[in-house]
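Letter by letter, the chains look like this.
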Amino acid sequence: MTGKESLLLQKAYEEVKKYQDIVRDDPYRLAYHLMPPVGLLNDPNGLIQYKGVYHVFYQWNPFGTVHGAKFWGHYSSEDMVHWQAEPIALAPSEWYDQNGCYSGSAVEWKGKLYLFYTGNVKRENGERETYQCLAVSEDGIHFEKHGPILQLPEGYTPHFRDPKVWKENNRWYMILGAQTLELKGTVLLFTSDDLYNWQAAGKIAGAGMNGLEDFGYMWECPDLFKLGGKDILMVSPQGLQPSRYCYHNLFQSGYFVGKLDYENMQFNHESFTELDRGFDFYAPQTFTDDSGRTILYGWMGITDEMEPYHPTLANHWVHALTMPRELKYKEGKIYQNPIEELKRIRNDEVIIQNVNIKEQRMTFEEVTGKAVELVMEALKVEEGKLQISFRSEASLIYDSDKKEISLQRRNLKNGLQEKRTCLISSLTALHIFMDHSSLEIFVNDGEEVFTARYFPNPLDETIVFQGNACFNLKKWNLG
Ligand code: FRU
């Protein structure tokens, strides 16, 4: 370890120590989501099950609740439910990553754990440089930096980052988010035999390919994985204009379903589908675990103008990751559902059968709380609307005439109500996860998901059902 690295680590741990009591006592700290110990968290990185243990790394600025020179924070777990904080995996200490060990991914090879990440460098004149780097570990905890393994190819700006690596037919593949000199977002493919030497295999997606017109000025955090016999390219494009039900957040994330032709290095794909319908979801990454499941984590946030208004800033932390979600592919679409293991944190089961509300406002004595799971099954909204209010701060509204489902909350900046909406053909089931300051709502067994942070009065635990609907209700306290 270099002197600079150990100094940075020491300073980061001091920062954690300095604020740990304040952070712990924040009423908006979450009960079952991964959060930074202090400072700012963004993208999930390096997701892997290595030697049986689950590892989640994350973009982390320990020194403030703003974006800056990122570290890789690290959690590990036997079951994706109970997590342990591990030593910092990467610190921005070297000439090639001094302004941030940016996002990337992990693979195992011959018993070692390889992390690929982007070294971000900003020169004094404001110019950006980018290096794709490798760090290797024998135990999954301590990492040795190997430095850059891939330079910026010609024809692209230094917005070139977020390597995702996988193996197919005994060859390694890497995709990266890139920006062309015409300022268009794109994805580049590279291949390797040994993880150290990489050859360019060209552009596999972006404006002008596969019938895609202008589609944003940069694509971040690409991921390519198999699901249900398809190849899915997941990306986080920046610069899409809002269009009807889509793209209302500042940045988007979603996927193209297609087929990667490994002979010709071409990816034929269909149109883009947004992954999440809520307010706070970005930079998702997937991994395949030992049981073969495809599991996704996202950042429960977006770099946007709302960040400086988060009430947790006063307590020296901001943002969290989503719950782990298992992905399935059905009829052209990705379905997302919370992993089975999360049932282990259920307590105090409440079952209420045959709820029937008719133009009423209904509450149930035992159906209240802050960290709560709700399951609504055999759900029918035959006419009018169903509205569920969460702690007087956000609500889910289904309009059976328009077939629209919306999540509404108070905007942190101006205090006004804001909403995100999508279309569904009918509403048959809801699976809702409330945490102290987050909502994740799975509609119709994962056909759509709404993810959002919200900051209710910490004393308010009300859950109100309103409108016209019949359903069976189950509720658990979580934690
Ligand atoms: C996405 C992103 C990545 C980058 C990282 C830096 O949120 O901008 O493209 O690697 O965050 O923290």
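Computed from a prediction, not measured in an experiment: that's the story for all the values here. (Residues numbered from 1 in each chain as written. Predicted model: local features only at pLDDT ≥ 70, side-chain atom pairs only at ≥ 80, totals over all residues. Heavy atoms only, no water.)

Brief notes about the overall build of the chain
In terms of regular secondary structure, the chain is built from one helix and 31 strands. Taken against the 2.2 N^0.38 rule, which gives 23 Å for 479 residues, the C-alpha radius of gyration of the chain at 22 Å falls within 12% of a compact globule. Across its three principal axes, the chain shows a C-alpha extent of roughly 65 × 55 × 45 Å. Burial analysis of the chain (479 residues in total) assigns 61% to the buried set. Intrachain contacts of the chain at a sequence separation of at least 6 include 58% that bridge at least 24 residues. Element-wise, carbon and sulfur atoms account for 46% of the exposed surface of the chain, whose accessible area totals about 19300 Å². Looking at charge distribution, the chain has the averaged site of its 49 positive side-chain charges lying 2 Å from that of its 66 negative ones. (Helix = DSSP H or I, 4+ residues; strand = E, 2+ residues; numbered from the N terminus. Rg over C-alpha atoms; globule rule 2.2 N^0.38 Å. Buried < 20%, exposed > 50% of the residue type's maximum accessible area, 1.4 Å probe, protein only. Contact = heavy atoms within 4.5 Å. Areas by Shrake-Rupley, 256 points an atom, 1.4 Å probe, with all protein chains shown as cover. Lys, Arg positive; Asp, Glu negative; His and termini not counted. Charge placed at Lys NZ, Arg CZ, Asp CG, Glu CD.)

So, the domain arrangement of the chain
Taken as a whole, the chain is organised into domain 1 (3-338) and domain 2 (345-478). Inter-centroid distance (C-alpha atoms) of domain 1 to domain 2 is 30 Å. Tallying the contact residues gives 36 residues for domain 1 and 39 residues for domain 2. Taken together, domain 1 and domain 2 are joined by four salt bridges. Close ionic contact of Arg325 with Glu440 constitutes a salt bridge, the shortest N to O distance being 2.9 Å. (Domains from an automatic or database assignment. Salt bridge = Lys/Arg side-chain N within 4 Å of Asp/Glu carboxyl O.)

Looking at the pattern of salt bridges
Side-chain pairs of opposite charge can arise whenever the charged atoms involved come near each other. Per the stated rule, a full pass over the model turns up 28 salt bridges. Residues Lys184 and Asp214 are paired through a salt bridge, measuring 2.8 Å at the closest nitrogen-oxygen approach. Separated by 30 residues along the polypeptide, Lys184 in the loop between β10 (171-179) and β11 (185-192) and Asp214 in the loop between β12 (199-206) and β13 (218-227) bring together distant segments of the chain. By relative accessible area, Lys184 is classed as partly exposed at 27%. On the basis of relative accessibility, which here comes to 54%, the residue Asp214 falls in the exposed class.

Looking at the pairing of strand β28 (residues 430-435)
For β28, the tally of buried residues reaches six of six residues, placing the bulk of the element in the interior. Here β28 shows a buried face lined by Leu430, Ile432 and Met434 and a second buried face lined by His431, Phe433 and Asp435. Here strand β23 (residues 372-380) pairs with β28 via five bridges, running antiparallel. The partner of Met376 across the bridge, within β28, is Leu430. Bridging between β28 and strand β29 (residues 438-443) involves six bridges; their strand directions are antiparallel. Bridged to Asp435 within β29 is Ser438. Here β28 folds back onto β29, and the loop between the two strands holds two residues. (Pairing = 2+ DSSP bridges.)

Description of the pairing of strand β30 (residues 448-453)
Judged by how many residues are buried, β30 sits mostly within the fold: six of six residues are covered. Burial along β30 is two-sided: Glu448, Phe450 and Ala452 and Val449, Thr451 and Arg453, pointing in opposite directions, are all buried. Pairing geometry for β29 and β30, over six bridges, is antiparallel. From the neighbouring strand, Phe442 faces β30, where its bridge partner is Val449. Between β29 and β30, which pair antiparallel in sequence order, lie four residues; one of them, Asn444, sits at a positive phi of approximately 50 degrees.

Some words on helix α1 (residues 3-24)
Given 3.6 residues to a turn, an α-helix orients residues that are three or four positions apart in the same direction. In a regular helix each residue adds 1.5 Å, so 22 residues correspond to 32 Å; α1 covers 31 Å between its end C-alpha atoms and thus fits that length. A bend of about 45 degrees at Lys18 is the largest found in α1. Within the sequence span of α1, burial applies to Glu5, Leu8, Leu9, Ala12, Glu15, Val16, Tyr19 and Val23. (Expected span 1.5 Å × (residues − 1). Bend = angle between axes of the 7 residues up to and from the residue.)

Examining the nonpolar core
Counting 47 residues, the largest nonpolar core has Tyr32, Trp60, Phe71, Met80 and Tyr297 as the members making the most contacts within it. Going through the elements one at a time, α1, β1 (39-50), β2 (53-61), β3 (71-77), β17 (282-288), β18 (294-299) and β31 (463-478) are the ones with two or more residues in this core. Per-element tally for this core: the top contributor is α1, with six residues. Inspection of this core shows a minimum of three residues originating in each of domain 1 (3-338) and domain 2 (345-478). With sequence-adjacent residues up to four places away left out, Tyr297 is seen in contact with Leu34, Pro44, Leu47, Val56, Met80, Trp83, Pro284, Gln285, Leu321, Thr322, Met323 and Pro324. Formed by 37 residues, the second largest nonpolar core is a distinct cluster that contains Leu379, Ala394, Ile405 and Tyr454. (Core = buried A, V, L, I, M, F, W, Y, C linked by side-chain atoms within 4.5 Å.)

Observations concerning the site of the ligand
The immediate surroundings of the ligand are formed by Asn42, Asp43, Gln59, Lys70, Tyr102, Ser103, Arg161, Asp162, Glu220, Tyr282 and Trp299. A distance of 2.7 Å separates an oxygen atom of the ligand from a polar atom in the side chain of Gln59. In the model, an oxygen atom of the ligand is placed 2.5 Å from a nitrogen or oxygen of the Asp162 side chain. (Near = heavy atom within 4 Å. Polar contact = N/O pair within 3.5 Å; in protein donor to acceptor, adjacent residues only side chain to side chain.)

Examining the sheet that holds strand β4 (residues 83-85)
Across the sheet, five strands lie side by side as β4-β3-β2-β1-β19; this open sheet has mixed pairing. Two strands bound the open sheet, and with one partner strand each, they are β4 and β19 (317-318). In this sheet, β19 lies alongside β1 in parallel orientation, the contact comprising two bridges. Looking at the pairing, Gly39 lines up with Trp317 of β19.

Focus: the sheet that holds β13
By way of backbone hydrogen bonds, the strands of a sheet pair with one another, either parallel or antiparallel. If you trace the four strands from one edge of the open sheet to the other, you get β13-β14-β15-β16, paired in antiparallel fashion. Only two strands of the sheet have a single neighbouring strand rather than two, namely β13 and β16 (266-274). With strand direction ignored, the average angle separating the axes of adjacent strands in the sheet is 25 degrees. Sheet topology note: the strand β14 (residues 230-238)/strand β15 (residues 254-261) ladder contains five bridges and is antiparallel. Of the residues in β15, the one forming a bridge with Ile232 is Val257. (Axes fitted to C-alpha atoms, helices over the stretch in contact; angles between N-to-C directions.)

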